[in-house]
Amino acid sequence: MALSGGGTFAEVFAEDVQRGSGHFDDGRIESLASSRDRGVGIRVVADQSTGFAHTADLTERGLLAAARAAADAARRSGETTAAVDLETVGTSPGRVAIRPADIDKATKVDLLQRADEVARSSDEAISQVSARYADSRRRILVANSDGVLSGDDQTRTMFSVSCVASGDAGLQTGAETVGLSVGWELFDRYDVEDLARRAARRALTKLQARPAPSGTLPVVIGPGSGGVLFHEACGHGLEADLVKKGASAFAGRLGTQVASPLVTLVDDGTMDDEWGRYAIDDEGNPARRNVLIEDGILVDYMWDGLRARADGRPSSGNGRRQSYRHLPMVRMTNTYLAGGETDPTDIVASVEHGVYVARLGGGQVNTASGDFVFGMVEAYMIEGGKITAPLREGQLIGNGPKVLQQIEAVGNDFAMGPPGTCGKDGQGVPVGDGVPTLKVAELTIGGTAGAGAP
Amino acid sequence: MSPGDLLAIAERIVDQAVANEEIEVACSHGRSTTIRAYEGEVESLTTAETHAIGVRVLADGREGFASAGTLDHDVVTDMLAEARDNARFSQTDPHVGIAQPDGVEAVDIDLWRDGVEATPNQDKIDLALELERRVRSADDRITGVRVAAYGDSVGAFALASTAGITASTRATSSSVSVQALALDGERTQTGYAYDGAREPADLDLDRVVDRAVSQTVDLLGSTKPKTATVDLVLDPHLAATVLGLVAGTLTGDRVLKGRSPFVDRVGETVAATGLSFSDDPTDLRSMGADSHDGEGLACRPVPLVEDGVLKGFLHDSYTGRRSGHGSTGSAVRGTRGLPSPGLHALAVRPGAGTLDELIAGVDLGLLVFTLAGLHSGVNPVSGDFSVGVEGRMIRNGQLAEPVNECTIASTLQRLLLDITAIGGEVVHLPSGVSTPPVVIGGVALSGAA
C-alpha cells in the first residue's frame, strides 16, 4: 500500500515505549508518573520528497489508512507494486541486569528521599533539594522495502539531584546527573548519597564565587562535561543533512585540515552502556563507530538512510527519531574528542591567567556559521598556573571551526560527561559526549566583571 | 474526535472513582500537517493524528499520575491502575488535590477557525513553496534557504474531575517558518522568521519574508565588538523573550520552593517605573487566549507588575492552596503531564514611541537580532543572565555596524530595573506574548578587549 503511489522507498517503524519517573522536591514526593506510548510511523520516499503518516491506531484499517496517507503525500506519476522479501538483520540489544519495571516503587522513592536527606544535612546553607529518577524501555521494529527487518530493545535509567544554596549574595544552584543505557543496576555503579553530596558542594562552592570575567581569555576545559561543546559546535556541522543544504561550516572540507592535529573526533553508537548507545538506529541500520576527524583531518560526515542513498553510499547508522511520530534524520550518538598524551596538571600549569571550566551546561550552536554559546556551570580562575577562585555562571562564546584549530593541549584523562538530550528541529534524542582535559587558546567569556583583572 | 467524545471518555474514567478517591482526567485528540519545502520541491509532508490521556488520582492526600499516547480501552484502563499504584507510593501532602470549582465565570472564547480544515493540502504546499521562493528572490545576497515550512493543527481537549469540573474546547492553528542563508566570505549567516495564526488566511507572509531576509543580510560583515556598556534595544520579538523569562520566575511553585529571585518581594519596586505587565488569557487578540486553564478553572487576568511594583504570582490549585492565595486559573499542562502554574498570555502595557524613535534616543546601544544560549545562560533561581547576542550597534541614534561573537550579561532583577523606555506599538506574537519594544540601559557587552 505504501508504494502504491509510485514511491521508491517505503518503511514501517513500530514503537512501544514504557516510562516511569519519580520527582522529589521541596521535601516531598512531587510526582510519581508512568506513561505508555505505542504506534507506527509509515514513510514513503519518491525522488527527494518524503511522505509520512503515523498512527496510534494499530488495527489493520488504521495502518492501511496511514500507509495511504503517506503514499498520497509522496505521490508521483505511475503506480508501483512491490513484493518485498524481508530479511532479519541480527542485532545485539544492550544488556539489562535489572529491569526497572521489576523494582518496587517504594525502593525507588527511598532513593529520592536518601538523596534529599543527605544533601540537606550536608550544610545549613542548602535551602532546597530536588531529586529525580526516570527509566524507560523502548522497543522498536523497522521494516522497509529494501528488505530490512530489524528490532531493538533499549532500556535507559537516569538519576539527578539538584540543590539550591542560600547565601548573603543570593541563591546558587548545583546539580549532579548520571544516566546510562542500563537497567536499575545503574545504582550499583553510582551511590545516590555521594551524588547528593557532590551536588550540594557545587551549590555551596558557588556561594563564594566572584563574577566571571568578561573578555577573551585562554580556557582549560575539564574532563567529561566539556564534550557537549564538541557535540554542539562541531558535531552538528558534520551531520550530512545540514552539510548538503550548505547549512554547515564544514561543507566541502572533506580531506582537509579542519582542526589542530591533536584532535580526533568520534561518534560511536556502539559504546557499551553509554546514554547514546543502541543496537540499530531508527531506520534499522546497525550502530557504528564513526571517526569524523582524525588527527585534525576531516574524514567523514554522519549519515542517515535518505541522505546516504542520494549520495550512493551506506548509512553510518545515525538515522534517529524522537518517536514513531517523527521523521528520522541525521543525529549523533555518543560523540567524543579522544584522549591525548598530556598530564592535565601540566595543562593547567601552562596558563598564566585564564579560566578553568570544570563543568559546562547546555549550549546552542548556529550550525551554518559555527557560532556557539555555552553556560559555565562550574568554573574557576586560573592564576599563575593554578586553579583559584570559583566563578559565578557566565557564558562561553566562540566559533566551532575556530576552536578546533585553537586546541593547544589534549589531556590523558578522557571521561564521558553526564547524559544529554540533543534537540534538532524540535526532536529530542538521548546522546552522550565526552572529552579529556583540553586547552583552548582563547574563548570569549561573558561575565559581569571587567576583562583581565576581575 | 469531538470535544464531546473526549469528555465522554474522561467522564467514564472519573465515574470509576471509589470512596475517598479524587480523579481528574484530561483527554486530547489532534490532527496536524507539516510541509517542508526545499529548492522548489516538497521535501516532506507529514500528516499525523495524536491521541493522549492523562489520569491524576488522589487518595489519602497522596497523588499519582499516569499518561498514554492512545485512547485504546485496554491502555486507558491500565493507566488508571498505574496512577492509583503511583499514588500508593507517594507521600501525604495536605495541599495536594484536584481543582475545586471557584465560581469564576469563564469567558466565551472561540479558538476554532474553519480555514485549517477547509484549505486543500495543495494550497498549503503552495504556501510553503511560495515562502521559499520569495525569500530566495528577495535579495541577491540570499544564497539559500535551509528550510521553509508550513504547519497546522486542529485539536480537541476535554477535562473532567470528581470535583464536578468539566471543560472542553477545540482549537485550530497554523504557522509558517523559514531560515534563510547568506554567504559572508567563509562564513554563512542565517536569519529566521515565523508567524502563527488560527488559520492560514491570517498568516502574514510579507512580514515573515521581510524579517527572514533582513535578519540575514543586515548581519553580513559582522565583527566582534569591543567590550562596552550599552543600551539594549529589543524589538517586540526579543522583548517577549526577555520579559517572558522574567515573568516565568513569577510562578507559585518557584516562589513556594524558594527558587525565584522575586520571593518575598510582593509590594516592592522590582522594575522601572512605568513597566506594567499581566497574564491575560481573556484577551482574544493573544494567541495564548483560552477560556479554561489546565485544571478546568476559568482563565482570568492576573496582574504581575504594576508601574514597577510586584503585585503577585501565578498559581494553580496546589500552589494556590499552599500559599493561601487560591488558584489564579494559571495551570498550564500538556495532556501527558501534571499541571503547574505558568504563563498563558503575557501582556506588557505599551508606553510611547515607535521602534525607530527608541533607536533614535540611544547614544551607544545594540539593536538585538538574536539571543543565543538562553537555556544555559539564564539561571531562573539566582537570576544570573549571560547570553550570546547578534545585532546592529547603535551610535548617536543611528544603526551602525553588525556585530556577533559577543555576550551580554546582567541579572533578571537588574534587567527589569534598568528598562529606560517602553514603546507604544504592541505586537501580538504567535507565542501568546503581547508586547511593545523596550530599551534596557547600561548592559555589559563582552567582546574583544
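Residues numbered from 1 in each chain as written. Chains lettered and ligands numbered in written order. Predicted model: local features only at pLDDT ≥ 70, side-chain atom pairs only at ≥ 80, totals over all residues. Heavy atoms only, no water.

**Thoughts on the overall build of chain B**
Spelled out, the test is: In DSSP terms, a helix is any run of H or I states spanning at least four residues, a strand is any run of E spanning at least two, and both are numbered starting from the N terminus. We compute the radius of gyration over the C-alpha atoms and compare it with the globule rule, which gives 2.2 Å times the number of residues raised to the power 0.38. Note on exposure labels: buried denotes an accessible area under 20% of the residue type's maximum, exposed denotes more than 50%, and partly exposed covers the range between, all computed with a 1.4 Å probe on protein chains only. Should any heavy atoms of two residues lie within 4.5 Å, those residues are counted as being in contact.
The helix and strand tally for chain B stands at 11 helices and 20 strands. For 449 residues, the compact-globule estimate of 2.2 N^0.38 gives 22 Å, and the C-alpha radius of gyration of chain B, at 24 Å, lies within 12% of that figure. Projected onto its principal axes, the C-alpha positions of chain B cover 70 × 55 × 35 Å. The 449 residues of chain B split such that 59% are buried. For chain B, restricting intrachain contacts to residue pairs at least 6 apart in sequence, the fraction spanning at least 24 positions comes to 70%.

**Thoughts on the overall build of chain A**
Applicable threshold: Throughout, the Shrake-Rupley method with a 1.4 Å probe supplies accessible areas, and for residues the shown protein chains are the sole cover considered.
Helix and strand content of chain A: 9 helices and 23 strands. Computed over C-alpha atoms, the radius of gyration of chain A comes to 24 Å, within 12% of the 22 Å expected from 2.2 N^0.38 for 454 residues, which places it in the range of a compact globule. Projected onto the principal axes, the alpha-carbon positions of chain A cover approximately 70 × 55 × 35 Å. In chain A, 74% of the contacts between residues at least 6 apart in sequence involve partners at least 24 apart. By element, 48% of the accessible surface of chain A is carried by carbon and sulfur atoms, the whole surface being about 15800 Å².

**Some points on helix α5 (residues 227-235) of chain A**
Counted residue by residue, α5(A) has 9 buried out of 9 residues, so it is predominantly covered. For α5(A), the set of buried residues is A:Gly227, A:Val228, A:Leu229, A:Phe230, A:His231, A:Glu232, A:Ala233, A:Cys234 and A:Gly235.

**What to know about the side chain of A:Asn334**
Residue and element names in this part refer to chain A. As a reminder, the rule being used: Residues adjacent in sequence count toward polar contacts only when both atoms are side-chain atoms; beyond that, a polar contact is any pair of N or O atoms within 3.5 Å, and within protein one must be able to donate a hydrogen and the other to accept it.
If you trace the backbone, asparagine 334 turns up in strand β14 (residues 334-337). You can call asparagine 334 buried: its relative accessible area is 0%. A polar contact of 2.9 Å, which involves the side chain of asparagine 334, links it to the backbone nitrogen of glycine 276. Within the local environment of asparagine 334, its side chain forms a polar contact with the backbone nitrogen of glycine 432, the two atoms lying 3.5 Å apart.

**Notes on the interface of chain B and chain A**
This is how it is decided: Here, a salt bridge means any side-chain nitrogen of Lys or Arg that lies within 4 Å of a carboxyl oxygen of Asp or Glu. Amino acid classes used here: Ala, Val, Leu, Ile, Met, Phe, Trp, Tyr, Cys and Pro are nonpolar; Asp, Glu, Lys and Arg are charged; the rest, including Gly, are polar. Two strands make a pair as long as DSSP finds a minimum of two bridges between them.
Taken together, the contact between chain B and chain A spans 72 residues of the former and 73 residues of the latter. Residues A:Arg38 and B:Asp72 are paired through a salt bridge, measuring 3.3 Å at the closest nitrogen-oxygen approach. Between chain B and chain A we count 43 residue pairs in polar contact (both at pLDDT 80 or more) in total. It is strand β2 (residues 41-59) of chain B that contributes the most residues to the side of chain B that touches chain A, 10 residues altogether. Across the side of chain B that touches chain A, the residue classes tally to 22 nonpolar, 29 polar and 21 charged. Where strand β3 (residues 49-55) of chain A lies against β2(B), 5 bridges are found, and the strand directions are parallel. Across the sheet, residue A:Thr50 finds its bridge partner in β2(B), namely B:Ser44.

**Focus: the environment of A:Gly340**
All names here are of chain A. Mapped onto the elements, glycine 340 comes out in the loop between β14 and α8 (344-349). Overall, the relative accessible area of 26% leaves glycine 340 in the partly exposed class. For the pair glycine 340 and valine 410, spaced 70 residues apart in the sequence, the C-alpha separation amounts to 5.0 Å.

**Details of the domain arrangement of chain B**
Residue and element names in this part refer to chain B. So the rule is basically this: As used throughout, domain bounds are those supplied by an automatic or database domain assignment. The quantity reported as buried area is the accessible area (1.4 Å probe) lost by two parts once they are put together, taken as the sum for both.
Segmentation of chain B into domains returns domain 1 (3-217) and domain 2 (222-449). Taking the mean C-alpha position of each, domain 1 and domain 2 sit 23 Å from one another. Across the contact, 43 residues belong to domain 1 and 34 residues belong to domain 2. Counting each side, the surface lost to burial between domain 1 and domain 2 is near 3300 Å², with a carbon and sulfur contribution of 55%. Three residues stand out in domain 1 for area buried against domain 2, namely His95, Ile109 and Arg211, and they jointly supply 17% of the buried area on that side. At the boundary of domain 1 with domain 2, the tally comes to 4 salt bridges. A salt bridge links glutamate 295 to arginine 56; the nearest nitrogen and oxygen atoms lie 2.9 Å apart. For the pair domain 1 and domain 2, the number of links is 14 residue pairs in polar contact (both at pLDDT 80 or more).

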